[in-house]
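An overview of the molecular structure
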Amino acid sequence: MPTYRDEAVVLRTHKLGEADRIVTLLTRGHGKVRAVAKGVRRTASKFGARLEPFMVADVQLYEGRSLDIVTQAESLGSYGADIAADYASYTSANAMVETADRLTEAEGSSQQYLLLIGALRSLSRGEHEASLTLDSYLLRALSLAGWAPSFDTCSRCGTAGEHTAIVVQLGGVVCSDCAPPGAPRVGREVIDLLSALLRGDWTVADATDASTRSKASGVVAAYTQWHLERGLRSLPYVARTGESA
Amino acid sequence: MYEGVVQDLIDELGRLPGVGPKSAQRIAFYILQTETYDPSHLADVLTTVRDKVRFCEICGNVTEQTTCSICRDPRRDQTLICVVEEAKDVVAIERTREFRGLYHVLGGAISPIQGVGPDQLRIRQLMTRLADATVSEIIIATNPNVEGEATAAYLSRLLQAMEVRVTRLASGLPVGGDLEYADEVTLGRAFEGRRLVG
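What counts, and at which threshold
Residues numbered from 1 in each chain as written. Chains lettered and ligands numbered in written order. Predicted model: local features only at pLDDT ≥ 70, side-chain atom pairs only at ≥ 80, totals over all residues. Heavy atoms only, no water. Contact = heavy atoms within 4.5 Å. Buried area = accessible area lost by both parts, 1.4 Å probe. Salt bridge = Lys/Arg side-chain N within 4 Å of Asp/Glu carboxyl O. Polar contact = N/O pair within 3.5 Å; in protein donor to acceptor, adjacent residues only side chain to side chain. Helix = DSSP H or I, 4+ residues; strand = E, 2+ residues; numbered from the N terminus. Nonpolar A, V, L, I, M, F, W, Y, C, P; charged D, E, K, R; others polar. Domains from an automatic or database assignment. Pairing = 2+ DSSP bridges. Axes fitted to C-alpha atoms, helices over the stretch in contact; angles between N-to-C directions. Core = buried A, V, L, I, M, F, W, Y, C linked by side-chain atoms within 4.5 Å. Buried < 20%, exposed > 50% of the residue type's maximum accessible area, 1.4 Å probe, protein only. Parallel < 35°, antiparallel > 145°, perpendicular 65-115°, else oblique. Left-handed = near helix turned anticlockwise from the far one by under 90°.

Opposite the 26 residues of chain B that make contact, chain A presents 33 residues. For the pair chain B and chain A, the summed buried surface comes to about 2,400 Å²; carbon and sulfur atoms form 61% of the total. If you sort the residues of chain B by the area they bury against chain A, Pro112, Ile113 and Val146 of chain B come out on top, with a joint share of 30%. Here chain B is connected to chain A by 1 salt bridge. Scanning the region where chain B abuts chain A turns up 8 residue pairs in polar contact (both at pLDDT 80 or more). Mapped onto the side of chain B that touches chain A, the elements with two or more residues apiece are helix H7 (146-159) and helix H8 (184-192) of chain B. Looking at the side of chain B that touches chain A, the element that brings in the most residues is H7 of chain B, giving 8 residues. When the residues that make up the side of chain B that touches chain A are grouped by side-chain class, the tally is 14 nonpolar, 6 polar and 6 charged.

What follows is the structure in structure tokens.
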């Protein structure tokens, strides 16, 4: 089959030659695809803004030897413009696509695709604070990849309870018996927020204060960096509450 | 594989952007075989370019002196600054002959995924240029892509506090293009920025 068609979200782009770009796409049915978009940097390109980062498009691709070639693209969701208009959303979206790129290095799944476009849509509409959307996305994307954190029961022995010690290396909260000496402890409200972000309970998450969100973001960042092994380049640039521009 | 210096030449040419192994070989043999071509001028230019060319202390454009010819020109409108990503963009805008103000080259666009944040760009230098209140308008001419738009949004928020007019280059339909091929974002912008005829 020389050509195929799929829905895709653009993760990142690299310049190629005079006017081309290599676009990294996360597709619904074909996993992660790297493809060449010819002439896309020319102002009169037929692709226009459809193959910019954070765009969702219905694409037709031609199978190449090492890279595929984009032959047609129709826009399904143009989130890029709204995301770029807000610096906090832009930096959060960068961290999201970088995470998606890393998590789908071996193979992508339609669930990862749907989770990412849901998060980008939410960011573009400004439904919640950008850093909350990012943290919720990170926790859920890692869960889909098989690294679900535990915030309700001890991640080592499974004992239920209101634990406050959190060890990212062990996979979430741990009870007093399992907690290694010097294990960091956070307030119960931070654990509740993390749990709400993982479940997608936005009523709880939106009601939290800036200090709780900042502590929860710290835990999410540490958890993400631990499982992705190499640090995310874009995470230090994420504009958190009150520091956007 | 060729012997010695021929292979060295092919390898060096092949390190340049956009030059593959086949093109490198073709250029190398052109230099070797064409008697009318004198490569000494190219050799001179290559050795002096890195020593002579530097970045303008004011705007960041390429120049052979401490400041570029545009910043030195007293006939240019000192109240206008056009902010661009690269020195190449200055040349593109100069070709239009529409703009008579000054420039500021940022040196790229904000792209966290590539490790480029606001601190890696020449944003602080731009703020310093605005300190003496001669400038009345900043025209943001970053590329109309996601990175460029995000950089424009960041700059406009930063400049809000200052008493300066901030404008963004218009975007819309390209001259010579077909309406049916225009994407939704571009066409939407064209509608947003439509203007009265006559």
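On to the domain arrangement of chain A, then. Residues and elements named next belong to chain A. Domain boundaries assigned for chain A yield domain 1 (3-78) and domain 2 (84-237). Each of domain 1 and domain 2 has a C-alpha centre, and the two are 29 Å apart. Tallying the contact residues gives 14 residues for domain 1 and 16 residues for domain 2. Each partner contributes to the roughly 1,300 Å² buried at the junction of domain 1 and domain 2, and carbon and sulfur atoms together form 69% of this total. Considering only the side of domain 1, the residues that lose the most area to domain 2 are Leu26, Arg28 and Phe54, jointly responsible for 45% of the buried surface there.

Time to look at the sheet that holds strand S5 (residues 68-78) of chain A. All names here are of chain A. The strand order S1-S2-S3-S5-S4 describes a closed barrel built from 5 strands, whose pairing is mixed. Recorded for the sheet is a direction-independent mean angle of 50° between the axes of neighbouring strands. Strand contacts of helix H2 (residues 87-103): strand S1 (3-16), strand S2 (20-27) and strand S3 (32-37), with the helix running at about 115° to S1, the strand carrying the most contacts.

Another aspect to go through is the nonpolar core. Residues Val9, Leu116, Leu120, Tyr137 and Leu194 of chain A together with Ile138 of chain B are the most contacted members of the largest nonpolar core, which totals 74 residues. No other element matches H2 of chain A, which puts 9 residues into this core. Residue contacts for valine 9 of chain A: discarding those within four places in its chain leaves Thr24, Leu25, Leu26, Phe54, Met55, Val56, Tyr113, Leu116, Ile117 and Leu120 of chain A.

All names here are of chain A. The geometry of helix H4 (residues 130-144) relative to helix H5 (residues 188-199) is characterised by a closest axis approach of 8 Å and an angle of 70° between their N-to-C directions. By the angle class used here, H4 and H5 are roughly perpendicular. Note that H4 runs across H5; the crossing there is right-handed. Where H4 approaches H5, its residues Leu132, Asp135, Ser136, Leu139, Arg140 and Ser143 are matched on the opposing element by Leu193, Leu194, Leu197 and Leu198. Of the residues assigned to the contact of H4 with H5, the class counts are 6 nonpolar, 2 polar and 2 charged.

Two modes of strand pairing occur in sheets, parallel and antiparallel, and in both the strands are linked by backbone hydrogen bonds. Residue and element names in this part refer to chain B. Strand order across the open sheet formed by 4 strands is S4-S3-S5-S6, with parallel pairing between neighbours. Lying at the two open borders of the sheet, with one neighbouring strand each, are strand S4 (101-105) and strand S6 (165-168). The sheet shows a mean angle of 25° between the axes of neighbouring strands, direction not considered. As judged from the 5 bridges shared by strand S3 (residues 77-84) and S4, these two strands associate in the parallel manner. Residue pairing across strands places cysteine 82 opposite tyrosine 103, the latter belonging to S4. Where helix H5 (residues 87-96) meets the sheet, its contacts fall on S3 and S4, and the angle it forms with S4 comes to roughly 155°. Across the sheet, H7 lies against S3, strand S5 (137-140) and S6, angled at about 170° from S6, the strand it touches most.

Its identity as a non-glycine residue notwithstanding, phenylalanine 54 of chain A has a phi of 75°, on the positive side. Among the secondary structure elements, phenylalanine 54 of chain A is positioned in the loop between S3 and strand S4 (55-62). Its relative accessible area of 2% is what places phenylalanine 54 of chain A among the buried residues. A positive phi angle, near 55°, is found at arginine 97 of chain B, a position not held by glycine.

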